[in-house]
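Letter by letter, the chains look like this.
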Amino acid sequence: MASQSNSSVDLDIYLRGPDGASLADTAALTLFTAAGQLYKQGVTKKGHLRWDEVAQAKYEIQVLAPGFERAVQPVDPSGAGALRVDVQLRPQTGGERAYPPPASDAEVNYVFGLYASRSGDWEQAKSYWARTLELLPDHVSAMVSMSEALLHENKALEAMEYLVRAEKIDPAYWRTQAVLAEIALRAGSTAEAVLHAERAMELGHEEAASAAPLLARALAARADEVLRTYLKDHPEDVAARKQLEDLHAPSEVRTSSEQPKADSREKSSAAASAKPAPRPGDTLWLPPDVDENVPPVEPGAACNLEEVLERAGKRIQEFVENVDRFTATEFLQHETLARSGNVTATQKRKYDYVVSITEVRPGVLDLQEYESSGSTPADAPGGMTTRGLPALVLIFHPYYSGTFAMKCEGLATWNGTRTWQVYFRQREDQPNKIRAYRIGLENYPVALKGRAWIVADSYQILGVQTDLIAGVPDIRLTAEHTAIQYDPVHFASRGVDMWLPQTAEVYSERKGKRIHRRLSFTNYLLFAVDEKQQIATPNSNP
């Protein structure tokens, strides 16, 4: 023990997790006097920090440990030559966070940033890490953490600048390789992603265990790419085709504990947790099913499903209230597909497109669509007319949202926009009011599952994708996949912006015939009122 006078004491602080074990992760400790003045700061190693020759007085130790609640421990070392202090930590929960001011110690600031990032406050974390790099420009961990924060903002190029610096300073730091793997994977460079992920695990050993799921994602993406490339040149290889299908075997969908209506929570949970229905055996011509391809979301970003549904529902109500009728020019490209997925015939059409939405009685909306080719009725390539695309957003209208089980998967970046990513699935105990096939005079409802991307700040619907929960044997419908992108259209005379379909793609298989349709819409008008309006760049303001 270090020599000391009678007026000082050595403090040994030990941090314990809920299980009583020593805290392995680094934590930041601040020692305050009884008057609230900062006396000392430091960081732990393996759950321990020692302060030598602390003046004998009453103190308060504040502990910030990533993933744990802030802890405060009073200390009275009067008369003691040495004092051991054990601090029990509790796992972090939700709620408001109070962050300390930046410290004069680089390591303390770095840990403050980790604490803020675990709380989901990436802006606060970035400010701490920026301060760390001001104090210690070669702090590699802070560089990599800054790159992770920038990647959450979809700023891959800025993130790469930090990673290049970090790799030059410390080529053996495994976290640099892990973030490089994530960037490569997002960019579609699967082979590069695999190399970086493997290198991260090689450098980090047990410490890099968290990179294992990243490596698995990279390997799966690489396998998918290799098989698809191979099958383009060897479509007759049944074994390889089966291997690709097995690679995309659907996984079980989990539901959020939050549901829009408490009395239907149990049934909605069961519906959203149901295993996805199998698709036709040969699916290479189809985009991935919404249950097979779950886009990544930001970790730690809390999503309140009830709030998202309420605010998105208000946007859809505003849309219905503002629309009596609108017109547009519709361009259609209809492709007939062979069993291999190759295009065998293409037809193109241009239509005058009119839509009206009315509330025919309380709780019931009626959407009507009309297409014509100038003065002549619209013909239907392939004997099929695609209608009801604007109606898909009505899934989130309060009249209809309760008929779907929903889960907010988290905060995502979709087409460069930060969005809430919401999964939905038709409930078995509720009537299907959204989509149906009309054959002759008969209607055949189809149950949908899908995913929507809802703009995080304005709660407008930016995109929707749907698949069939199951085929419809009565009309021999075996597959359908729809993807729609919405953008804002400004109507000057009404002074309103309405989010309307910009593009839509539909894949379907009925009676063994496969088709792909791509539709685009321009020249929107509010009926008999506005001049022509062009689709504008999305406005981030609500």
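The coordinates are above.
Thresholds applied
- Residues numbered from 1 in each chain as written.
- Predicted model: local features only at pLDDT ≥ 70, side-chain atom pairs only at ≥ 80, totals over all residues.
- Heavy atoms only, no water.
- Helix = DSSP H or I, 4+ residues; strand = E, 2+ residues; numbered from the N terminus.
- Buried < 20%, exposed > 50% of the residue type's maximum accessible area, 1.4 Å probe, protein only.
- Contact = heavy atoms within 4.5 Å.
- Areas by Shrake-Rupley, 256 points an atom, 1.4 Å probe, with all protein chains shown as cover.
- Disulfide = S-S within 2.5 Å.
- Phe/Tyr/Trp six-rings, centres within 6.5 Å; stacked < 30°, edge-to-face > 60°.
- Lys NZ or Arg CZ within 6 Å of the ring centre and 35° of its normal.
- Pairing = 2+ DSSP bridges.
- Axes fitted to C-alpha atoms, helices over the stretch in contact; angles between N-to-C directions.
- Expected span 1.5 Å × (residues − 1).
- Polar contact = N/O pair within 3.5 Å; in protein donor to acceptor, adjacent residues only side chain to side chain.
- Parallel < 35°, antiparallel > 145°, perpendicular 65-115°, else oblique.
- Left-handed = near helix turned anticlockwise from the far one by under 90°.

Caption draft 1: View of the overall build of the protein chain. Helix and strand counts for the protein chain stand at ten helices and 20 strands. With 542 residues in all, the protein chain has 45% of them scored as buried. The long-range share in the protein chain, meaning contacts at least 24 apart out of those at least 6 apart in sequence, stands at 58%. Only carbon and sulfur atoms are counted for the fraction: they give 50% of the accessible area of the protein chain, which is about 26,500 Å².

Caption draft 2: Examining the state of the cysteines more closely. Counting across every chain of the model gives one disulfide. In this model Cys303 forms its disulfide with Cys408; the gap between the sulfur atoms is 1.7 Å. Handedness of the Cys303-Cys408 disulfide follows from its S-S torsion of about 85°: it is right-handed. Separated by 105 residues along the polypeptide, Cys303 in the loop between helix H9 (265-272) and helix H10 (305-322) and Cys408 in strand E12 (residues 404-414) bring together distant segments of the chain. Given a relative accessible area of 11%, Cys408 falls into the buried group.

Caption draft 3: Main features of the packing of aromatic side chains. Here the structure, examined in full by the defined rule, presents nine aromatic pairs. Summarising the aromatic geometry, the rings of Tyr110 and Trp129 are spaced 6.5 Å apart at their centres and angled 40° between planes, so their arrangement reads as tilted. Residue Tyr110 is found in helix H1 (residues 106-118), and its partner Trp129 is found in helix H2 (residues 122-135); the two are separated by 19 residues along the sequence. In this structure Tyr110 comes out as buried when scored by relative accessible area, which is 10%. Relative accessible area serves as the criterion here: at 1%, Trp129 is assigned to the buried category. Each member of the aromatic cluster is reached from another via a ring pair, and the members are Tyr110, Trp122 and Trp129. The cationic tip of Arg84 hangs over the ring face of Tyr14; the distance from NZ or CZ to the ring centre is 4.0 Å.

Caption draft 4: Layout of the sheet that holds strand E6 (residues 71-75). Across the sheet, which stays open at both edges, the four strands sit in the order E3-E2-E5-E6 with antiparallel pairing between neighbours. Both edges of this open sheet fall to strand E3 (38-43) and E6, since each of them pairs with a single strand only. The average undirected angle you get between the axes of adjacent strands in this sheet is 20°. In this sheet, strand E5 (residues 59-64) lies alongside strand E2 (residues 28-33) in antiparallel orientation, the contact comprising six bridges. Its bridge partner being in E5, Leu31 is matched across the sheet by Ile61. Contacts from H1 reach E2, E3 and E5 within the one sheet, and its direction differs from that of E3 by about 75°.

Caption draft 5: Examining the sheet that holds strand E1 (residues 8-16) more closely. The mixed open sheet is built from three strands, whose spatial order is E4-E1-E7. Across the chains shown, the open sheet's two edge strands, defined by having one partner strand only, are strand E4 (48-55) and strand E7 (82-88). Adjacent strand axes in the sheet meet at a mean angle of 20° when their direction is disregarded. As judged from the seven bridges shared by E1 and E7, these two strands associate in the parallel manner. Its bridge partner lying in E7, Asp10 is registered against Ala82.

Caption draft 6: Representation of H1 in the model. The end-to-end C-alpha distance of H1 is 19 Å, a good match for the 18 Å that 13 residues give at a rise of 1.5 Å each. Burial analysis of H1 places ten of its 13 residues in the buried class, the great majority of the element. Residues Ala106, Val108, Asn109, Tyr110, Val111, Phe112, Gly113, Tyr115, Ala116 and Ser117 constitute the buried set of H1. For H1, the elements touching its buried residues are E2, E3, E5, H2, helix H3 (140-152) and helix H5 (174-186). The N-cap residue of H1 is Asp105: its side-chain oxygen and the backbone nitrogen of Glu107 are 2.9 Å apart. Following H1 by one or two positions, Gly120 adopts a phi angle in the positive range, close to 85°.

Caption draft 7: Representation of the packing of H5 against helix H7 (residues 212-233) within the structure. Where H5 meets H7, the closest approach of the two axes is 10 Å, and the angle between their N-to-C directions is 30°. Accordingly, the angle class assigned to the pair H5 and H7 is roughly parallel. Between H5 and H7 the crossing geometry is left-handed. Contact residues: H5 offers Ala178, Ala181, Glu182 and Leu185, while H7 offers Leu214, Arg217, Ala218 and Ala221.

Caption draft 8: Spotlight on the environment of Glu509. Structurally, Glu509 is set in strand E19 (residues 496-510). Taking the C-alpha atoms as reference, Glu509 lies 5.7 Å from Thr478; in sequence the two are 31 residues apart. Of note is the side chain of Glu509, whose polar atom sits 2.7 Å from the side chain of Arg514.

Caption draft 9: Spatial organisation of the pairing of E5. In this structure, E5 lies alongside E6, joined through five bridges in antiparallel fashion. Bridge pairing links Val63 to Ala71 in E6. Taking the residues between adjacent antiparallel strands as the criterion, E5 and E6 are bridged by six residues, where Gly67 takes a positive phi near 90°.

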